[in-house]
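# Secondary and tertiary structure notes
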Amino acid sequence: MVLLTRGKDRALLERLAALGVRAAEVALLEQVDLPGLARLPEALGEGFDWVAVTSKEGARRLLGAWERAGRPPLRVAAVGEGTGEVLRQGGLPPTFLPERATAKDLARAFPEAKRVLFVAGDLAGEGLERGLRGRGVEVVRLEVYATRERELSQRERRLLEEAEVAAFFSPSGVRAYARWTSRRPKAACIGPSTAEAARGLGFPVYEAPRPGLEGLWEAILEAL
């Protein structure tokens, strides 16, 4: 059985079902708004050259703030096709997406800028900030949501115990799984930081050949 650990991936469930593979979802994490979200509409008008966002959750909150601010013109740099698609569907297509879906790659390839607003979650790493500051760019980090571990039901805990392959989307998801059970199924990991966390906790790791959902799909198939 393949267990998807984000709770938002019906398309992956359908692809697995089409192959005759038993699969289920358990959302290990949940997101809650932080006070920084209330300040975001005002911040969008403070003369930043670019706004950077590295997650779907950040993109959704950016869209809401952009609407509340009256849809001002923005140049948005995003990590990952999924994040980019959330922005496109909300009417704010990203101006820049790096080839590889990591914050470090975004920092390396980031267009010329003097001031960047980073719309972040509380667990977002500092790779983007360090990379941009190393290029002389001023970065303002505004944390607008926090990621917390969910309390799981008995049924959900049983699914963790039954999984032969667990698909992980973040290091925090790996850590949450490991706290619920001592079992270490094969771990299909969406990117290098997630794979590193899984290795450190004793999972047999199958890392996506390229960051993102299609890469994760390949890692799941390899694990199977």
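Structure: see above.
In this report, we go over the structure that sits alongside the text. Keep in mind that this is a model prediction, so the values were computed, not measured.

Evaluated as defined, the whole model comprises 4 aromatic pairs. Note on Phe168 and Tyr177: the rings are 5.4 Å apart at their centroids and 90 degrees apart in plane angle, and the pair reads as edge-to-face. Assigned by exposure class, Phe168 and Tyr177 land together as buried. One aromatic cluster is present, built from ring pairs that chain together Phe168, Tyr177 and Phe203. Note that Arg15 overlies the ring of Trp217, its terminal NZ or CZ placed 4.3 Å from the centroid. A cation over a ring is seen here: Arg115 above Phe48, with NZ or CZ 4.2 Å from the ring centre.

Our next topic: the sheet that holds strand β2 (residues 23-25). An order of β2-β1-β8-β9-β10 is seen for the 5 strands of this open sheet, with the pairing classed as parallel. The open sheet is flanked by β2 and β10 (205-207), the only strands paired with a single partner. Strand-to-strand twist in this sheet, taken as the mean axis angle between neighbours without regard to direction, amounts to 20 degrees. Bridging between strand β1 (residues 2-4) and β2 involves 3 bridges; their strand directions are parallel. Counterpart to Leu4 in the pairing with β2 is Glu25.

Rules and cut-offs
- Residues numbered from 1 in each chain as written.
- Predicted model: local features only at pLDDT ≥ 70, side-chain atom pairs only at ≥ 80, totals over all residues.
- Heavy atoms only, no water.
- Phe/Tyr/Trp six-rings, centres within 6.5 Å; stacked < 30°, edge-to-face > 60°.
- Buried < 20%, exposed > 50% of the residue type's maximum accessible area, 1.4 Å probe, protein only.
- Lys NZ or Arg CZ within 6 Å of the ring centre and 35° of its normal.
- Pairing = 2+ DSSP bridges.
- Helix = DSSP H or I, 4+ residues; strand = E, 2+ residues; numbered from the N terminus.
- Axes fitted to C-alpha atoms, helices over the stretch in contact; angles between N-to-C directions.

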